[in-house]
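# What the coordinates show
The lines below spell out each chain.
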Amino acid sequence: MDVVQLTDSLIGFDTVSPPGNEEECARFIGDYLKDLHVEGSSVELHRFASKRANLVATFRGDSPGLLLAGHIDVVPPGDNSLWKSPPFEGKSRDGKLYGRGAADMKGGVAAMLTAIASARRRRLKRSITFIATAGEEIGYDGLRSMVSSGKLQGVAARCGVVGEPTELKPVRGHRGSIVSKVTIHGKSAHASAPDMGINAVEKAVLYVEKLGPLRRELAKATDPNLGHSILTPTVIAGGTKSNVIPESCTITLDARVVPGIDRRTILDGLVDVAEATQKRDKDFSADIEILYETYPLSLGPKDQVVAIAERITGTPSTIALYATEASDYQKLGVPTVVLGPGSIRQAHIYDEYVEVEQLEQATSIYGRFIDTVCT
Ligand SMILES: [Zn+2]
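Residues numbered from 1 in each chain as written. Predicted model: local features only at pLDDT ≥ 70, side-chain atom pairs only at ≥ 80, totals over all residues. Heavy atoms only, no water.

On to the overall build of the protein, then. Per the secondary structure count, the protein includes 10 helices and 18 strands. Taken over the C-alpha atoms alone, the protein extends approximately 80 × 45 × 35 Å along its principal axes. Looking at the 375 residues of the protein, the share that counts as buried comes to 53%. For the protein, the computed accessible surface area is about 16500 Å², with 49% contributed by carbon and sulfur atoms. (Helix = DSSP H or I, 4+ residues; strand = E, 2+ residues; numbered from the N terminus. Buried < 20%, exposed > 50% of the residue type's maximum accessible area, 1.4 Å probe, protein only. Areas by Shrake-Rupley, 256 points an atom, 1.4 Å probe, with all protein chains shown as cover.)

What follows is the structure, given as structure tokens:
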């Protein structure tokens, strides 16, 4: 099976998350790797929910080597009738392979598997670890479940590549994101007698006004690769009816953060804002929670994995706007770049495609990574 056929086969599994249903696809990849009959290899399915699974495979060398990783879930196809060909059937035309996940990122996963297959008869001085994760598109739940259950403790790799679509240009950094929610409590009353209640919408406005110092503080948190951190209120929702004093109002905030700023920093900052607001208005009361966190990735141009990626691709590394699982691997002690076939502009759209030439180039790039790091 070549890389195009393999991408095509992976596209054939409907792994839209939610709900995911990645187990069948993960089993298929597991069978593909077992069929390589590499001595000393292990292939393990990690089920973490009904019909949901990650896959971890290790090809042993004498010491830690290379991590190749990607996700196997995809975003929903939307209205099927708006696709020129069915989203879960890979279709080749004009040097492109179409289908949901072609670029993001079953193409990258297929190129990694094909590179591993080509290296199967090589003697590995250092090991290759391959990880296919579920649920990347919905908050990394597959990867995070492996981390929390200790499955990836001591993952034997000195560096890693996540094959998200970067048009084969190495990405060495991106900010992390932290989404938080502030729920402001009021007291309902008839709108004709507002003094009988506490207007949660008005209190929310006070809170937003008090965000200034925290936002300025975050703007001072900078990183040489990524710039500064940002906090922005993005959704505000409150009230039920025009003649009722709203008893609840929520503010959702999106933070884009550099290393050193984490959920604790944001939570503490938002609590401080609540205390400052309460000093101004004793009726103010709020609950604050962090809904979601992805970590920043920050490698310098001189880091070894970045240097290898630049040398192999002949392309300088860049910084991306989107977040990836590479930062989770970095947190596990594996410096990881993002590098894969296809364009991020193709991700999540109708008629998603990956260029066949990029699939082939990606396969040879991953092969050269294996040569450089493991043989
Ligand atoms: Zn992706």
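Let us keep going from here.
The next thing to look at is the packing of aromatic side chains. Aromatic ring pairs are described here by two measures, namely the spacing of the ring centres and the angle between the planes. With the rule as written, the count across this model stands at 4 aromatic pairs. For the pair Trp83 and Tyr350, a centre-to-centre distance of 6.3 Å together with 80° between the ring planes defines the contact as edge-to-face. Note that Trp83 is positioned in the loop between β3 (63-71) and β4 (91-93) and Tyr350 in the loop between β17 (336-338) and β18 (353-355), a separation of 267 residues in sequence. Tyr350 sits in the partly exposed class, given a relative accessible area of 35%. (Phe/Tyr/Trp six-rings, centres within 6.5 Å; stacked < 30°, edge-to-face > 60°.)

Moving on to the pairing of strand β2 (residues 52-59). On a regular strand, one side chain projects to one face of the sheet and the next to the other, so that they alternate. Judged by how many residues are buried, β2 sits mostly within the fold: 8 of 8 residues are covered. Burial of β2 is two-sided: the residues Arg52, Asn54, Val56 and Thr58 facing one way and the residues Ala53, Leu55, Ala57 and Phe59 facing the other way are all buried. The pairing of strand β1 (residues 41-49) with β2 spans 8 bridges and is antiparallel. Bridge pairing in β2 places His46 opposite Asn54. The hairpin formed by β1 and β2 contains 2 residues between the paired strands, and Lys51 there has a positive phi angle of roughly 60°. Of the pairings in the sheet, the one linking β2 to strand β6 (residues 126-133) comprises 5 bridges and is antiparallel in character. Counted as the bridge partner of Val56 is Ile131 from β6. (Pairing = 2+ DSSP bridges.)

Looking at the zinc ion, the protein donor atoms are His71 (NE2), Asp104 (OD), Glu164 (OE) and Glu164 (OE), and they sit 1.9 to 2.7 Å from it. Classification of the site at the zinc ion as irregular follows from its 4 donor atoms and the range of 53 to 141° in their angles at the metal. On the primary sequence, the residues serving as donors to the zinc ion are separated as H-x32-D-x59-E. Pair noted here: Asp104 is in helix α3 (residues 102-118) and Glu164 is in the loop between β7 (157-162) and β8 (171-174), with a separation of 60 residues, a long-range link. Across the pair, exposure class does not vary: Asp104 and Glu164 are buried alike. (Donors = N, O, S within 2.8 Å, 3.2 Å for Na, K, Ca; no water. Tetrahedral: all angles 85-135°; square planar, octahedral: opposite > 155°, others 65-115°.)

What follows concerns the environment of Ala219. Structurally, Ala219 can be placed in helix α6 (residues 212-219). Judged by relative accessible area, Ala219 falls into the partly exposed class, the value being 34%. Distance from Ala219 to Val257, taken between C-alpha atoms, is 9.5 Å for residues 38 residues apart in sequence.

This brings us to the sheet that holds strand β14 (residues 286-294). The strand order β12-β13-β9-β14 describes an open sheet built from 4 strands, whose pairing is antiparallel. The sheet is open, and its two borders are formed by β12 (230-238) and β14, each paired with just one other strand. Taking the axes of each pair of neighbouring strands and ignoring which way they run, one obtains an average angle of 20° across the sheet. Alignment of strand β9 (residues 176-185) against β14, held across 8 bridges, turns out to be antiparallel. When the sheet's bridge partners are listed, Lys181 is paired in β14 with Glu289. Packing against the sheet, helix α5 (residues 200-209) makes contact with β9, β12, β13 (248-257) and β14, and its axis sits at approximately 25° to β13. (Axes fitted to C-alpha atoms, helices over the stretch in contact; angles between N-to-C directions. Contact = heavy atoms within 4.5 Å.)

This paragraph deals with the domain arrangement of the protein. Domain annotation for the protein reports domain 1 (3-174 + 296-374) and domain 2 (176-294). Each partner contributes residues to the interface: domain 1 has 15 residues there, and domain 2 has 11 residues. Between domain 1 and domain 2, roughly 860 Å² of surface is buried when both sides are summed, and carbon and sulfur atoms account for 57% of that area. Counting across the domain 1 and domain 2 interface gives 0 salt bridges. Where domain 1 touches domain 2, the interface holds 5 residue pairs in polar contact (both at pLDDT 80 or more). (Domains from an automatic or database assignment. Buried area = accessible area lost by both parts, 1.4 Å probe. Salt bridge = Lys/Arg side-chain N within 4 Å of Asp/Glu carboxyl O. Polar contact = N/O pair within 3.5 Å; in protein donor to acceptor, adjacent residues only side chain to side chain.)

For Ala347, the location among the structural elements is in the loop between β17 and β18. Ala347 sits in the buried class, given a relative accessible area of 10%. Between the C-alpha atom of Ala347 and that of Pro165, which follows or precedes it by 182 residues, the distance is 8.0 Å.

Here we take up the sheet that holds strand β5 (residues 96-98). Pairing in this open sheet of 3 strands is antiparallel, and the strands run β4-β5-β18 from one edge to the other. Sheet topology places β4 and β18 at the edges, where each strand pairs with a single neighbour. Strand-to-strand twist across the sheet, computed as the mean angle between neighbouring axes with direction ignored, equals 25°. Sheet analysis places β5 next to β18, joined by 3 bridges and oriented antiparallel. Within β18, the position partnered with Lys96 by the bridge is Glu355. Contacts from helix α1 (residues 3-11) reach β4 and β5 within the one sheet, and its direction differs from that of β5 by about 15°. Against the sheet, helix α10 (residues 356-374) engages β5 and β18, with an angle of about 65° to β18.

At the junction of Pro18 and Pro19, the peptide bond is cis and its omega measures out at 5° in the coordinates. Locating Pro19 in the fold gives a position in the loop between α1 and α2 (23-34). Geometrically, the link from Asp104 to Met105 is a cis peptide bond, its omega value of -15° lying close to zero. The backbone of Tyr140 sits at a positive phi, close to 65°, despite the residue not being glycine. Within the secondary structure, Tyr140 sits in the loop between β6 and α4 (141-148). Since its relative accessible area comes to 2%, Tyr140 is described here as buried. With a phi angle near 65°, Leu168 is a residue other than glycine that sits in the positive phi range. In this structure, Leu168 sits in the loop between β7 and β8.

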